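One-letter residues, chain by chain:
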Amino acid sequence: MQSFTYERAASAEQAAAAVAARPDAKFISGGTNLLDLMKLEIERPAHLVDISRLPLDRIEETAEGGLRVGAQVRNSDLAADPRVRSRYPMLTQALLAGASGQIRNKASTSGNLLQRTRCPYFYDRNMPCNKREQGSGCAALQGFNRMHAVLGASEACIAVHSSDMAVAMSGLDARIETISPGGETRTIPIGDFHRLPEATPHVETVLGHGEMIAAVTLPSPPPGRQVYRKVRDRASYAFALVSVAAIVETSGDRIRSARIAMGGVAAKPWRATEAERTLAGAAASDGAFTDAAEAALAGAVGHGGNDFKIPLAKRTMRHTLAAAAESA
Amino acid sequence: MTETKTSENRPSEPRNGVIGRPIDRIDGPLKVTGDATYAYENALDGTAYGYILGAAVAKGRIAEIDTAEAERAPAVLLVMTHRNAPAQPDFGPAVTPTVPEVFTRARPALNSERVRYYDEPVALVVAETFEAARAAAGLIKVRYDEAPGVYDLPGHKADAYAPKRTNAGFETDSVVGDFESAFAAAPVKIDATYRTPFEHHNPMEPHATLAAWSGNELTIHTSAQTLANFRAGVASTLRIPPERVRIVSPFIGGGFGSKLIAHADTILAALAAQFLQRPVKIALTRQQMFANAGHRAEMIQQVRLGADTDGRLTGIAHDVWSATSSFEEYCEQTAVFARSLYAAPDRVTRHRLVPLDINRGEWMRSPGEAPGMLAFECAMDELAERLGLDPIELRIRNEPAQDPERGVPFSTRNLVACMEEGARRFGWVRREPTPGRTREGRKLIGYGMAAAIRPNYIGAATARVAIDRDGRVTARLDMTDIGTGTYTILTQIAAESLGVPISSVKVELGDSRFPRTAGSGGSWGAASAGSALHNACNALKQRILEAAQSSEASPLRGANATEASFADSEVRVGQQSAGLADLIRRIAPAGFEAEGSVAPGATTESYKAYSQHSYGAHFAEVAVDCDTGEIRMRRMLAVMGAGRILNAKTARSQIIGGMTWGIGAALMEQTVLDPRYGHFVNHDLAEYHVPINGDVPEMEVVFLEEHDDKANPLGAKGLGELGVCGAGAAVANAIYNATGVRVREFPITLDKVLPALPVIAI
Amino acid sequence: MAKTDNRSGPTRRTVLEGGVATGVLLATGIPVDAEPADTVTAAASPTPVPTMPMSLRINARDLAVELDPRTTLLDALRNHLGLTGSKKGCDHGQCGACTVLVDGRRINSCLTLAAMHEGDEITTVEGLAEGDRLHPVQAAFVARDGFQCGYCTPGQICSAVGMLGEAKAGWPSHASADVAAASVALTDAEIRERMSGNICRCAAYPNIVAAIRDAAEEA
C-alpha cells in the first residue's frame, strides 16, 4: 500500500470537491474493497477522502411510495430495515447472500455498487489484465475463467460484477443519485450506471471523477412476489456462480408481468428484458419459465471454464421464476 | 451428538484415572482471551518488519533488479536481494533425499538470480514499520529473463519417472503375485481413473517468524510443528551449529503439515536480523503461502479391481502419477495404504512423478490416504454397485486375516466393527441401493460410506518431568500443540501416572531447549510424546520410591516397593502411605527430576511383528439440488477404532476436523495451476474455498473401545489424520447415490454433476 | 504488468513471448550485473514515515497514538498497541480472524483504517472478560471445545458476540425462511450461516455452533 494522505469529509459537496481536485484522490467509505485492493497495489490513491461519516446514512420514505437509501447506509442496516424486509424482501435476501456479517456491517450501499471485479487475474499484478492496466491483455479469456461472464463480455475483458445487492436493485429499477464537485446532482437509472467492458474495461461506471453517490432510490415496490436465488460453490461466503432476482406478478394462472435480473453472468447486473417480455401475459407454467430462461441466455457465450454457467443460469432462472410465481 | 466410549481401565493403570476423560483444554482460557501468543505477536524492543517480494515469473532468471527507490523510501532499513544476501549453501540436488535429509537440508533464500517457481522470494525489505516495508517492496523493479516451464501434469504424464522411495520411506512399488493375469481373468472388473487437484493447507496462522540474535546465538520465535526440524534446517542454511539456534513455538495457529520445515520467513528473518543486529519479524502473506509454504500435488490415480462374482477381490492395482517439483522431489505415499486395506492374492501399487516448475509439495494432512482413499474408496463403491453388493458387505468379504502384503498380523483391526456399528447408528438400511431415486422436494438425497485406515507411527521422543516440594509437577519436552490438544493430554498422562490432580501439573512445550521429540506430524505426536512422558513419569516414580525406601527422613523407609502406587496425591506402599508433597519435602527438598524416552516405532520388534494402523468407517448423507446441482452436506458419522482415547473431547475435535477436510476435498478444495504462467491462480481465501461453518452439518463421532498394547505403553494411536482418511470418498459415494453421477475428477463441484441431472418438472 | 514489477514501461511478457519461441531470450534482456554488490544495502538513518495523531478508544481505554495513515485497525492493535488477540489470517476480509466489535458491531479490522475509528468504541477479545471471569461466549467455547489451534478463536468469539446482538435485534439472515419476520429463532442452521464469515481450518464448526447455542440460551 503506497502512502496517501487522509482527510475526513465535512460535507458531501466538500468531499466531491476534494476528490475532484486531485486526479489521484479517491473516496473511502466502508473500505472493504478499496483497502483490499490498495494492499495489493491494484488501487494506488495518493489521497483518501473519508465519506463514511457523512450524514448519508438514513433510509427515508419517498413521495412515490418508495425508499431513498443514503449512500452510507451499511449493507447490514439496509438488509435489516423493516421496510426493506417487508416491501423489498428480494433486496434483503440479496444483501444477506453477499459477503459475511462482518463485511456487511462495514460495506456501504454506494461502495457495494462500485465494488470491482474478483477476477483472479485482475487481482494479480503480474498477470495481464486490461481492466487493471489498459492494453496489457486479458489472461482470463484463455485462462481459468470458471467465474467469468457469459453475457456482455468483450475480447478485452470477461470479468463479472460481483455484487448481489446490485442485482436485486436492478430488478427493482433503482435509481442512483449523485452529487458532483460543483454541487450539481443527477439521477442515473441503475441499468445505465455500470458499463459493459467493450474496449475500455477499466471504465466501469458512468461516474465522473469526483462525482459521488449520494443515495439510491427504490421506486415503490412492484406488484408480485420477489425472490433472490444465489448459486455458489460454498453454502455461504462465496461469490455467485449465477444469481437470479425475480419478481413475478400473476393473475389467476397467468403472468401479468415479470422483472428479472441476473448476477454472476456479466460485468453489470444483467436485466433479462427478453425473458420479461416472454413472460408477460403467458401462462404461469414450466414451459413459460423454460422459454424465458432460454430467452434470457440466448446471447450467452461461454469461454471454456464457464460454459456451465449458461445451462446453470437457465435452470436457476426456471426454478426461481416458478418460486416467484408460486402463491404470488 | 457424540457418544464416546473410551477404553476400560487396565490393570496397569490406577482406577478412576484422568486419561480418557473429556476435560477442557488446558490452554483454553489463554486461547479464548487472546492471551496465547503466536509467533508474530512476540514483542522485542527494536523489532523491525520484513516484507518479501516474490517473483513475477515461474521460471527464469532475474535480469535486473533495481532497488534504489525502495532503499530511499521512508523508514527502510534494508533491501536484500541475491546480490547482497549473505552467502548460503547451494540448495543441492533434486533427487530423492533420505527422510532425515528432507528436514535438515539447507533451504537458502535470495541466494541466486535463478527463479525456480512463481512468487519465489526475489527481495526482502526491512523497515521500521510493516506499512513501510510493504510499500517499499512495491517500489522494487525487477526484469526477468523468462524461460519456458512445465506446469501441466496430464500433458506430461509420459515424462513420469519412478522415485527411489515415497515420503516416509516407503517402497515406491509393491508387487505381490501377478496382478495383470488375475485382472484379465477376473469376471468382474473396475478400471477407473481419478484426478485429485492441487490443494493447500491454509492454516489460519500464516507462516511467521521473529528472529533475534544475541551474540552468536539465534532465537527464532516461529510457528513450527517440529522444532528439531526447524533447528536443523536453520542451522544448515546459516551454516552454524544447531546448538546456537533456539526455536520457540508454544502456540501454533494450525499447521496440517505445512510447518514441518522452515520456510522463507524464517530464513530471511534470521539473515536480516543478523545483518541489522536487531530483531526482525516476517510473515508470509496469505497469497504468498500458496507458492511458498507447500501444497498437496495434483495427481492422476488409476485403480483397477478384479473380483469374482461373489465379490472377493482377486486383484488390486493402484497406480499414481503425481506432480512434483523439478528441484526437490516429494512423493506422497498415495497408494501405500492399499497395501494393507483389503485382501487379494494378486496386487500392485506404484508411484510415479512428473516434475513441474513449481515449489515442492509438503506433507498435507493425511499424506497418502487423503488423495489415495478419495480414489480407491470410490472405486470400491463402483465395484460394489457392479456386483450388486452392499458397499459394506463388499468390504467385509475382503477383510484380510493378516496384513496382505507384509504377511504379519494386525496389532488391532476393528474395521468391520466400525462399519457395522456405523451402519446401525446411521440407519444405513434406509439407503436406496439404486442411485438417483430418493428425492425430498427438489433435493436428491444420497448416502455414502467409506473405510478409513491410517498407519500408526512412533517417533523418537524424550520427556523430562520434575516434581517439587509442593507436589507440583512440571513436564518439559520440545513437543508442540498445533491444536491437537497436546498440552491437555500430556497433562492427563502425567496427572494419572503420578496420582496428582490436573491442577498440579504444568506441561511446557515448544522450546528447543527442552528434550527432543518428533513434534507434531503424521499423527504420531500423542503416542510418541505421550509414551515418552509416560516413561519419564515411571522413571520419576521409581526415583521417588527408591529415595522413600532409603531416606532416613522417609515415613516409608524400608517399605516393599513392588506394591507401590501413586494416587490421590499419595504414595502407597503396601499398607503404608504418605502424602506425596510431604514425602518429597522430607526426603528431597529440591524435588526430583527424571527423563523417559521412546524409540522410533519402525525400529521396534513390535512394529516389525505387527501391522499397526488405526481404522474407521465414515458415513455421509448429502442433498443435491436437482435444479442447480448444488451439493450440501446433511450429516456425517465416523466410527473409529484408534486405540486408547486419551481425551474424549479433544479426540472428537480431531475427528470432526478431519471429516471436514474430507468435505473440503470432496466438494470444493482445488488450487488451479495456470499452465501458461505457472502460478496458482486462486491464491487467496476468497477463491480457494475451504469449508465454512455453513458447509458443515451435524457430525457424530464414536470411538470403539480399544487398547493397542502392541503400539506403545499407552495403548493409544494417532487421531489427527484418521478423520480425513476416506471421509471425502464417503461424501463422493453419497453424491453418486443421490444422483447416479460418478464424478472422478475432484472436487465435485456443481458444474460436474449438473449436465447429468435430469430436468424435473416443476 | 506481466513480467515487470514496475508498473510503468514496456511489459516484459510481451517482449518475451516471441523471445522464448525464437531463442532470443537473452538478447532482449538487460545485462545483469554478475558481480554481487560490494556492500549490503542499508540505509543509515532512513527518513521517517509521515504519521498522524489519532485518539482511539479501545476496551474502554482512551489511547492517543501517532500512526501512519496506512495503518489498518488490525495492525494498529497488533503492531502498535500490544493487543495481539485480534489475529491476521488473510489481511483481506476473507477469513474473519481479525473480527473486533466497533460500537457493538462485528467488523473485519483488517479492512478498515485505524484513522477511520476515532471516537468509536472498539472492543477486542481482550476486552470481553470481566477480570478473571470469562465472557459467557468465551466460557462456552472452552466448555464445548470450540477451537483447536486457537488462532481463529478471538475472531470467532467477537463475531459470535456481535452476531448474538444482531439476532437479538431481529436481523434476518440468509438462512431465514421469512426475512420479514420480526424475530429470529437462533437454530443451528441460523448460527452456521451467521458464523460463516469466520473460517476455522481446524474445523471446530460443530463445537462452535454448540458453544454459541449454549451462550445464547444462557443469555
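Residues numbered from 1 in each chain as written. Chains lettered and ligands numbered in written order. Predicted model: local features only at pLDDT ≥ 70, side-chain atom pairs only at ≥ 80, totals over all residues. Heavy atoms only, no water.

1. So, the pairing of strand 21 (residues 505–508) of chain B
Every second residue of strand 21 of chain B is oriented toward a common face, the buried set being V505 and V507 of chain B and the non-buried set K506 and E508 of chain B. You can see the chain leave strand 20 (residues 473–476) of chain B, run along helix 12 (residues 486–498) of chain B and come back into strand 21 of chain B, and the turn it takes is right-handed. (Buried < 20%, exposed > 50% of the residue type's maximum accessible area, 1.4 Å probe, protein only. Helix = DSSP H or I, 4+ residues; strand = E, 2+ residues; numbered from the N terminus. Right-handed = clockwise from strand over helix to strand, strands pointing away.)

2. Side note on the interface of chain B and chain C
Contacts between the two partners involve 87 residues from chain B, matched on the other side by 76 residues from chain C. Approximately 6,900 Å² of surface area, both sides summed, lies buried where chain B meets chain C, with 54% of it carried by carbon and sulfur atoms. Looking only at chain B, the three residues that lose the most surface to chain C are V32, M204 and N693 of chain B, adding up to 12% of its buried area. At the surface where chain B touches chain C, the tally comes to five salt bridges. (Contact = heavy atoms within 4.5 Å. Buried area = accessible area lost by both parts, 1.4 Å probe. Salt bridge = Lys/Arg side-chain N within 4 Å of Asp/Glu carboxyl O.)

3. Digging into the pairing of strand 2 (residues 48–54) of chain B
Residues and elements named next belong to chain B. The buried fraction of strand 2 amounts to seven of the seven residues, a majority that puts the element mostly inside the structure. Burial along strand 2 is two-sided: the face carrying A48, G50, I52 and G54 and the face carrying Y49, Y51 and L53 are both buried. Here three bridges tie strand 2 to strand 13 (residues 280–283), and the two strands are oriented parallel to one another. The residue of strand 13 that forms the bridge with G50 is I282. Sheet topology places strand 2 next to strand 6 (residues 121–127); six bridges connect them, and they run antiparallel. Directly across from G54, in strand 6, lies its bridge partner P121. (Pairing = 2+ DSSP bridges.)

4. A word on the sheet that holds strand 12 (residues 245–248) of chain B
Residue and element names in this part refer to chain B. Strand order in the open sheet made by the seven strands is 4-6-2-13-10-11-12, with mixed pairing throughout. The open sheet has two free edges, formed respectively by strand 4 (76–81) and strand 12, since each of these has just one partner strand. With direction set aside, neighbouring strand axes in the sheet form an average angle of 20°. Two elements, strand 10 (residues 208–214) and strand 13, share four bridges in a ladder whose sense is antiparallel. Along strand 13, the bridge assignment pairs A211 with V280. Of the strands in this sheet, strand 10, strand 11 (217–222) and strand 12 touch helix 6 (residues 227–238), which is tilted by about 140° from strand 12. Across the sheet, helix 7 (residues 264–276) touches strand 2, strand 4, strand 6, strand 10, strand 11 and strand 13, and the angle it forms with strand 10 is around 30°. (Axes fitted to C-alpha atoms, helices over the stretch in contact; angles between N-to-C directions.)

5. Regarding helix 11 (residues 286–296) of chain A
All names here are of chain A. Considered for burial, the residues of helix 11 that qualify are A288, F289, A292, A293 and A296. Buried residues of helix 11 fall within an arc of 135° about the axis and therefore sit on the same side. Next to the buried residues of helix 11 lie strand 11 (254–263), helix 10 (273–279) and helix 12 (309–325). (Arc of directions from axis to C-beta.)

6. Looking at the domain arrangement of chain B
Taken domain by domain, chain B consists of domain 1 (1–15 + 365–458 + 601–671 + 695–753), domain 2 (39–148 + 204–292) and domain 3 (459–599). On a C-alpha basis, the centroid separation for the pair domain 1 of chain B and domain 2 of chain B is 39 Å. (Domains from an automatic or database assignment.)

7. Things to note about the interface of chain A and chain B
Across the contact, 39 residues belong to chain A and 42 residues belong to chain B. Of the roughly 3,300 Å² buried between chain A and chain B, counting both surfaces, carbon and sulfur atoms make up 55%. The interface formed by chain A and chain B holds four salt bridges in total. Among the ionic pairs, E630 of chain B bridges to R229 of chain A, the shortest N-O distance being 2.5 Å. Inspection of the chain A/chain B interface yields 19 residue pairs in polar contact (both at pLDDT 80 or more). Mapped by element, the contributors of at least two residues to the side of chain A that touches chain B are strand 9 (225–231) and helix 12 of chain A. Residues belonging to the side of chain A that touches chain B are distributed by class as follows: 19 nonpolar, seven polar and 13 charged. (Polar contact = N/O pair within 3.5 Å; in protein donor to acceptor, adjacent residues only side chain to side chain. Nonpolar A, V, L, I, M, F, W, Y, C, P; charged D, E, K, R; others polar.)

8. Some details on the packing of helix 6 of chain B against helix 7 of chain B
In a packed pair of helices, the relevant descriptors are the angle between the two axes and the axis-to-axis distance. Residues and elements named next belong to chain B. In contact at an axis separation of 11 Å, helix 6 and helix 7 are set at 50° when each is read in the N-to-C sense. The angle between helix 6 and helix 7 places the two elements in the oblique class. As helix 6 packs across helix 7, the resulting crossing turns out to be right-handed. Only T266, I267, A270 and L271 of helix 7 make contact with helix 6, whose side of the interface consists of F230, V234, T237 and L238. Residues belonging to the contact of helix 6 with helix 7 are distributed by class as follows: six nonpolar, two polar and no charged. (Parallel < 35°, antiparallel > 145°, perpendicular 65-115°, else oblique. Left-handed = near helix turned anticlockwise from the far one by under 90°.)

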